[in-house]
Amino acid sequence: MKIKEARVIVTCPGRNLVTLKIVTDEGLYGIGDATLNGRELAVVAYLEEHVIPALIGRDAHRIEDIWQYLYRGAYWRRGPVTMTAIAAVDLALWDIKAKAANMPLYQLLGGKSREQVMVYGHATGKDIESCLDEVARHVELGYKAVRVQCGIPGIPTTYGVAKREGERYEPADSDLPAEHVWDTAKYLKYVPKLFAAVRERFGDDLHILHDVHHRLTPIEAGRLGKSVEEFNLFWLEDCTPAENQEGFRLIRQHTTTPLAVGEVFNSIHDCRELIQEQLIDYIRATLVHAGGITHVRRIADLAALYHVRTGFHGATDLSPVCMGAALHFDTWVPNFGIQEHMPHEERIDEVFPHAYRFEDGHFTPGEAPGHGVDINEDLAARYPYKRASLPVNRLVDGTLWHW
Ligand SMILES: O=C(O)[C@@H](O)[C@@H](O)[C@H](O)[C@H](O)CO
Ligand SMILES: [Mg+2]
């Protein structure tokens, strides 16, 4: 089965999403997510100029060989643009292979390890009270796990909190990067109160998660983890930038709060030390940014040896194609932990019809052959690309900080 044609589809039904469609000479096609938030067209150029011309005529069944060809063949290994482009090809080829086998993708990976996939939703609010209301709404919807983020008094903008009440939170919210302000001392003093309030109102059973979004130094992260141990978080995410992998040794010396890291990782080498030294509990590297199923499977297998479980990134900047494929992976992977779920706008769901379903705090990937997500190209064409950038963060004195 030869690859006859491949094309990139860019659409913006509320946010930019990039999709690669690969068509074979047998008429089967597969799609892969290629969205890299805020850097979308870099991946489009990479695919169109350097990947697609080299794919035409190749055997669509040779997923591993094509992966190695694109990875080693680039010479310039790794990096988010390269690994997202490779992931898009990989996801589309797994989709094709599963369709050719007339099986849902999880069957090709090794079959079900569980009946359904637990997901966590996002509760955000400008203050603790409004965040608690959002937690209540999620509990009512059936979520068993909720990420909680709230505004910090004295800081005008906080990660994870919508610009205006009642609006959805979208991180890439302006043409050029918006400038946010960050104050570590205020945050460290305030955020434990949020966890205390959630436990007090919702009891012990709800899983609580929180994303620090890379803003603390290792010793500050250790202090935060230690000070919130009594609230029994499911995880504390990205508590410090993970380029400094050994920084996590310091954090581990001070706290038993479980740690999740990896949404910005794109290869096994970004997390090898963290995993092998058991410095984290959940690995968040996900299919679209880390080389697709072929590569993330290797990360998950390494993680399994060290009791590290998966907790895939699932923000709205990962398209329904990534979500669909991730749910198949989550259904199979033995060391599954949890899956992030940030619902897409209705317009996006219309452009990407899918087989996955939510019920009672869990998702199932559906039984459609392939990964079960399609793209309506006519509808996609109605939403042209619109540049959108992620914010930058500055300390109160103006110093550029981690966003
Ligand atoms: O945990 C998460 O979902 C995030 O940290 C994302 O919202 C992240 O900020 C975006 O994916 C950036 O594009
Ligand atoms: Mg995050």
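The name that an unreviewed UniProt entry assigns to the protein chain is mannonate dehydratase, with the source organism given as Pseudomonas asuensis. Taken directly from UniProt, the Catalytic activity (unreviewed entry) text for the protein chain runs: "D-mannonate = 2-dehydro-3-deoxy-D-gluconate + H2O". In the Pathway (unreviewed entry) part of its UniProt record, the protein chain is described as follows: "Carbohydrate metabolism; pentose and glucuronate interconversion."

Novice: What's the story with the site of ligand 1 in this structure? I'm lost.
Specialist: Inspection of the region around ligand 1 gives 15 residues, with N37, H213, E237, E263 and E340 positioned closest. The separation between an oxygen atom of ligand 1 and a polar side-chain atom of R147 is 3.2 Å. In this structure, Y159 approaches ligand 1 through a side-chain N or O atom, which is 3.0 Å from an oxygen atom. Considering only residue class, the shell around ligand 1 consists of 5 nonpolar, 3 polar and 7 charged.

Novice: Explain the packing of aromatic side chains here, please?
Specialist: The description of an aromatic ring pair rests on the distance of the ring centres and on the angle between the ring planes. Within the structure shown, the criterion is met by 14 aromatic pairs. Summarising the aromatic geometry, the rings of F329 and W332 are spaced 5.2 Å apart at their centres and angled 90° between planes, so their arrangement reads as edge-to-face. Here F329 and its partner W332 are both found in helix α11 (residues 320–332), 3 residues apart, which amounts to about one turn of the helix. The class of W332 is buried, set by a relative accessible area of 11%. Taken together, Y120, F234, W235 and Y282 form an aromatic cluster joined through their ring pairs. It is R58 that lies over the ring of Y69; its NZ or CZ is 3.9 Å from the centre. Across the ring face of W182, the terminal group of R215 is positioned such that the distance to the ring centre comes to 5.0 Å.

Novice: What am I meant to see in the coordination of the magnesium ion (ligand 2) here?
Specialist: Between any two of four tetrahedral donors, the ideal angle at the metal is 109.5 degrees; between two of six octahedral donors, it is 90 or 180 degrees. Looking at the metal site, the magnesium ion (ligand 2) is ligated by D211 (OD), E237 (OE) and E263 (OE), spaced 1.9 to 2.2 Å from it. The sequence motif formed by the donor residues of the magnesium ion (ligand 2) is D-x25-E-x25-E. Of the two residues, E237 sits in strand β8 (residues 235–237) while E263 sits in the loop between β9 (259–261) and α9 (272–276), which places them 26 residues apart along the sequence. In terms of burial, E237 and E263 fall into one category: buried.

Novice: So what exactly am I meant to see when it comes to helix α5 (residues 128–141) here?
Specialist: Two residues of an α-helix separated by three or four positions point the same way, owing to the 3.6 residues in each turn. Compared with the 20 Å implied by 1.5 Å per residue over 14 residues, the 20 Å span of α5 between its first and last C-alpha is a close match. Regarding α5, the residues found buried are I128, S130, C131, L132, V135, A136 and H138. Note on α5: the residue one or two positions beyond its end, G142, has a positive phi of about 110°.

Analysis parameters
- Residues numbered from 1 in each chain as written.
- Chains lettered and ligands numbered in written order.
- Predicted model: local features only at pLDDT ≥ 70, side-chain atom pairs only at ≥ 80, totals over all residues.
- Heavy atoms only, no water.
- UniProt positions renumbered as here; feature names shortened; annotations may be inferred.
- Near = heavy atom within 4 Å.
- Polar contact = N/O pair within 3.5 Å; in protein donor to acceptor, adjacent residues only side chain to side chain.
- Nonpolar A, V, L, I, M, F, W, Y, C, P; charged D, E, K, R; others polar.
- Phe/Tyr/Trp six-rings, centres within 6.5 Å; stacked < 30°, edge-to-face > 60°.
- Helix = DSSP H or I, 4+ residues; strand = E, 2+ residues; numbered from the N terminus.
- Buried < 20%, exposed > 50% of the residue type's maximum accessible area, 1.4 Å probe, protein only.
- Lys NZ or Arg CZ within 6 Å of the ring centre and 35° of its normal.
- Donors = N, O, S within 2.8 Å, 3.2 Å for Na, K, Ca; no water.
- Expected span 1.5 Å × (residues − 1).

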